[in-house]
Amino acid sequence: IIRYFQSEYNYAHYDPVANLYTFSSCIGKISPYENTLLDLPTGLVSFLMDQHEPRTPAIAVASGPFIYVYKNLRPYFKFTLPPLEVNALEQDVWNQAREVIMVIISATLLPSPRDKADVPLSVRSLRFLMLDPQDMEAFVNLHKAQPIRRQTVITCIGTLKKNMADEDAVSCLVIGTESKDVYILDPEAFTILSKMSVPSAPTQMDVTGQFDVEFRITVACRNGNIYILRRDSPKPKYCIELSSHPVGLVRMGKSVVVGCAQETLQGFTQKGKKLWTACLPAPVTTMGVMDLPTRGFQAVLVGLANCEVHLYRDKNLISTIKTPDVVTSICFGKYGREDGTLIMTTKGGGLIVKILKRTAVFDDRDSAPGPPLAQSIRLNIPKKTKLYVDQTMRERENAVAMHRAFQMDLSRLRLAAARAYVKALESSLTPMSSSLSEPLKMNAVVQGLGPSFKLTLNIQNTAACRPVMHLAISFLYDESLYSMRTAFFKIPLLVPGLNYPIDTFVECLSDKGISDIIKVFVLREGKSAPLLTAHINMPVSEGLALN
């Protein structure tokens, strides 16, 4: 078992059969004791309720629509979420059901759950609509005398400092509900201090700041988006749209780190701007924060489905922990006399406790393969000079005139290009024919060092199904520099789609190391204007002519 633990940690405890099946939202560092809950918990936090001595933290456990508060290892208070508004039509139908005997009338009067009403149906009405007709009368007789209530449940829970940022300051409870609401509760009277709404049901949250000063609540919702709530704003201030659903959400400094279902770890600013993305080798199972204030070190712990826990600082992987089983919950902080204790539970119900060595040193260098760390360092851009500032001011003052001059020059350039293109088409100076009856394409290749060169012309008929015939090729060159065995010859019939190579030889007559252009014309019998023209830049002859 010891081989699973790296050198940065001391092995403290490992119990593979502890029967602890939980998640990171339901784990905390408190004194050991046991208490039975009436329902499955959805979250657990520890917080200070008052300033009385001794400063003993209380435990708040969210379960269903209730929050159970434990203090001094005993039940202290039970908070119940306020009931939701009841559908008016539903209320009228159940009021009529107290007097009407025909149950089918009540079933037809109830609104359909498929209708997108402002207020959905209660659980009682939904159960009623699911019953068989023969069971409806008994159900109505059993429940018609009871008032209708709509009750939501808690999906996530967190804490928010009341008016001070100290570690032992009084904290408020922050809860997210299935009804898409976020409540902030008073720590002493457990009254609702603030209520905010999000577009979807929250699943995870991270809270920072003070309630009386300024705070931010980062909420990951079931629709795959992350919303940021601020003080005095009942609606989200910013929205982060993700490409896949969030699995984990933690805050590290002024950035938000999100683990996504597509095996990526992404960092965002407080306003929702993406900073970086890191690819992971396996799906994310849980996330936590490693915070060591005494060393000024803060990183993100990411539990993966491949029995590993990765430690990231920004997008750099700085440490990897091997575990005997898949980690489902993770918690790091002070436990007893140790400031750096890592507590993990596994998929099989095991418990792992590790203590960070006081001599442990984490290197900021990224241990994962990829670009070097220096690539992410910002460049030292020099300060703006007086010349740069003067040029900027001149552009601002004369922006209209400069834009008009630019547009004028651009129009002149387009006009000159169009004129040259038309001239080339009219005089057949291009290597592609513009004629629809003889669509041809030609390119030339010169081989040899000199004084003898082999000139190969590749001619192709680009028509779909029409052959071309009665063509000829003529060469125009300086007879004092070059001589050709055949300066004029006819071309055979050109079948569409085939490439026809035509070879000829050129002799360089000069030994002065000069070259010239040879013009190639493709002619049509009976027409004086060529179909297309090619200019061949001959290379300088490097050989010597034999006498």
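Quantities reported herein were computed from a predicted structural model and do not represent experimental measurements.

A. Quick peek at the overall build of the chain. Within the chain, the regular secondary structure consists of six helices and 32 strands. Within the chain, the fraction of its 547 residues that count as buried is 41%. For the chain, the share of sequence-separated contacts (at least 6 apart) that also reach a separation of at least 24 residues comes to 49%. Total accessible area computed for the chain in this model is approximately 31800 Å², and 55% of it derives from carbon and sulfur atoms.

B. Highlighting the nonpolar core. I473 and F475 are the most contacted members of the largest nonpolar core, which has 29 residues in total. Of all hydrophobic cores here, the second largest spans 20 residues; its members include Y9, A299, I321 and F332.

C. View of the side chain of T155. Among the structural elements, T155 can be located in strand β6 (residues 154-161). Reaching out from T155, the side chain makes a polar contact with the backbone oxygen of P202 at a distance of 2.6 Å. For T155, the contacting residues outside a window of four places in its chain are T42, G176, T177, E178, P202, T203 and R222.

D. Molecular detail of helix α4 (residues 133-143). Of the positions making up α4, those classed as buried are M136, F139, V140 and H143. In a view along the axis of α4, the buried residues occupy a sector of 100 degrees, so they form one face of it. More than 90 degrees from the buried face of α4, the exposed residues found are Q134, A138 and L142.

E. The arrangement of the packing of aromatic side chains in detail. One pass over the structure, following the stated rule, counts five aromatic pairs. With centroids separated by 6.1 Å and ring planes inclined at 50 degrees, the aromatic side chains of F66 and Y68 adopt a geometry described as tilted. When the centroid spacing of 6.0 Å and the interplanar angle of 15 degrees are considered together, the rings of F211 and F215 count as stacked. For the cation-ring pair, K71 lies above Y76, with the distance from its terminal atom to the ring centre recorded as 5.6 Å. The ring of F66 carries K78 above its face, with NZ or CZ at 4.1 Å from the centroid.

F. Inspection of the environment of D15 at higher detail. Of note, D15 is situated in strand β1 (residues 9-15). The residues touching D15, leaving out its near neighbours within four places in the chain, are G350 and L351. Among the polar contacts listed, one links the side chain of D15 to the backbone nitrogen of V17, at a separation of 3.2 Å.

G. Spatial organisation of the pairing of strand β27 (residues 471-476). Counted residue by residue, β27 has five buried out of six residues, so it is predominantly covered. Two strands pair when backbone bridges link them, and β27 and strand β29 (residues 488-491) are joined in this way by four bridges, in the antiparallel orientation. Directly across from I473, in β29, lies its bridge partner F489. Looking at chain direction, β27 and strand β31 (residues 517-524) are connected through six bridges and run antiparallel. Bridged to L471 within β31 is R524.

H. Structural detail: unusual backbone geometry. E53 connects to P54 through a cis peptide bond whose omega is -5 degrees. Within the secondary structure layout, P54 lies in the loop between β2 (43-47) and β3 (58-63). Within the chain, F190 stands out as a residue other than glycine whose phi angle is a positive 55 degrees. Tracing the backbone through its elements, the reader meets F190 in the loop between β8 (181-185) and β9 (192-197).

I. Spatial organisation of the confidence of the model for the chain. Looking at the chain as a whole, the pLDDT averages 81, with 88% of positions reaching at least 70. When mean pLDDT is compared element by element in the chain, strand β7 (residues 171-177) scores highest at 91, while helix α2 (residues 103-109) scores lowest at 48. Segment residues 1-6: pLDDT under 50, and 13 contacts once partners within four positions in sequence are set aside and those in other chains are kept. Considering only residues more than four positions removed or in separate chains, one finds that residues 101-106, a stretch of pLDDT under 50, has nine contacts.

Cut-offs used in this document
Residues numbered from 1 in each chain as written. Predicted model: local features only at pLDDT ≥ 70, side-chain atom pairs only at ≥ 80, totals over all residues. Heavy atoms only, no water. Helix = DSSP H or I, 4+ residues; strand = E, 2+ residues; numbered from the N terminus. Buried < 20%, exposed > 50% of the residue type's maximum accessible area, 1.4 Å probe, protein only. Contact = heavy atoms within 4.5 Å. Areas by Shrake-Rupley, 256 points an atom, 1.4 Å probe, with all protein chains shown as cover. Core = buried A, V, L, I, M, F, W, Y, C linked by side-chain atoms within 4.5 Å. Polar contact = N/O pair within 3.5 Å; in protein donor to acceptor, adjacent residues only side chain to side chain. Arc of directions from axis to C-beta. Phe/Tyr/Trp six-rings, centres within 6.5 Å; stacked < 30°, edge-to-face > 60°. Lys NZ or Arg CZ within 6 Å of the ring centre and 35° of its normal. Pairing = 2+ DSSP bridges. pLDDT = per-residue confidence, 0-100.

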